[in-house]
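Secondary and tertiary structure notes
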Amino acid sequence: MFSFQTIIDNLPVLAASARYTLLISGAGCFLGLIFGALICVAAVSRAPSARAFAGVYVSFFRGVPLLIQLLLAFYLLPLVGVNVPALAAAIFTVGLCAAAYISEILRGALNAIPRGQAEAAMAVGLAPRDIWTRILLPQALKISMPALVNELILLVKASSLVTVVGIVEITRMSQAIASATYRPLEIYLTAAFLYLAINLVIAALGRNLERRLAW
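A brief report on the enclosed structure follows. (Residues numbered from 1 in each chain as written. Predicted model: local features only at pLDDT ≥ 70, side-chain atom pairs only at ≥ 80, totals over all residues. Heavy atoms only, no water.)

**Some remarks on the nonpolar core**
Counting 40 residues, the largest nonpolar core has Tyr57, Leu136 and Val162 as the members making the most contacts within it. Elements with a minimum of two residues in this core: helix H1 (4-43), helix H2 (48-63), helix H3 (66-79), helix H4 (86-111), helix H5 (115-123), helix H6 (128-143) and helix H7 (145-158). Broken down by element, this core gets its largest block of residues, 13 residues, from H4. Setting aside anything within four residues of it in sequence, one finds Tyr57 in contact with Ile39, Leu96, Ala99 and Ala100. Counting residues in hydrophobic clusters, the runner-up holds 17 residues, among them Met173, Ala178, Leu194 and Ile202. (Core = buried A, V, L, I, M, F, W, Y, C linked by side-chain atoms within 4.5 Å. Buried < 20%, exposed > 50% of the residue type's maximum accessible area, 1.4 Å probe, protein only. Helix = DSSP H or I, 4+ residues; strand = E, 2+ residues; numbered from the N terminus. Contact = heavy atoms within 4.5 Å.)

Below you can see the structure in the form of structure tokens.
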């Protein structure tokens, strides 16, 4: 028989584990935005080597499952003498993976910006760095805001994969509780609603931010 009491008893513990879900997805998205902007700049660069690097980077991180990337980071880094906590390795890997997708989102947004703006900025003597930081990237971020919010939602769901490296976020905690209580339906349903609640809040904040940027 379905037990609501099981949900009530274990909801606080599952909700507490959500801090790791939020930390991994939020920090991963932040790193992805920084690295993604750099990869985007490289992808549209006039230098063939920069474009080639961006192409290989995007192809690798979009072509290899995040689960495999996490396992590679967890087992490969110690072999080359880099010992970092599992949480740091997970955040960094999620950020690198997100960067590949965010770079393509930003590149698509750049294509929507009239070329005349960059040409006019060059004509008045702005340095390339200023053109990127003051004109192109701010507009690209505004145009791509819906896609970036969607990417953050995807990262929240993808963060469940970090269970493979032992991080106790929502999914890992729900697995542990389900094994201890023998009530998998109630526990996994609670976890599903927690993920849903987080993503609904992100979507609402994203829509509010879009309205503000529209002015």
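Further notes follow.
**Description of the packing of H7 against helix H9 (residues 184-213)**
Relative orientation of the contacting elements H7 and H9 amounts to 165°, with a least axis distance of 10 Å. Regarding the angle of H7 to H9, the classification is roughly antiparallel. Judged by the sense of rotation from one axis to the other, the crossing of H7 with H9 is right-handed. Listed contacts from H9 to Met145, Pro146, Val149, Leu152, Ile153, Val156 and Lys157 of H7 are Tyr195, Ile198, Asn199, Ile202, Ala203, Gly206, Leu209, Glu210 and Leu213. For the contact of H7 with H9, a count of residues per class yields twelve nonpolar, two polar and two charged. (Axes fitted to C-alpha atoms, helices over the stretch in contact; angles between N-to-C directions. Parallel < 35°, antiparallel > 145°, perpendicular 65-115°, else oblique. Left-handed = near helix turned anticlockwise from the far one by under 90°. Nonpolar A, V, L, I, M, F, W, Y, C, P; charged D, E, K, R; others polar.)

**So, the pattern of salt bridges**
Tallying each qualifying case throughout the model produces three salt bridges. As a salt-bridge pair, Glu104 and Arg107 come within 2.8 Å of each other at their nearest N and O atoms. A residue pair is termed a helical-turn pair when its members lie 3 or 4 positions apart in one helix, as Glu104 and Arg107 do in helix H4 at three residues. When its relative accessible area of 25% is taken as the criterion, Glu104 is described as partly exposed. Overall, Arg107 belongs to the partly exposed group, its relative accessible area being 31%. (Salt bridge = Lys/Arg side-chain N within 4 Å of Asp/Glu carboxyl O.)

It is worth stressing that arrangement in space is one thing and function is another; only the former is reported here.
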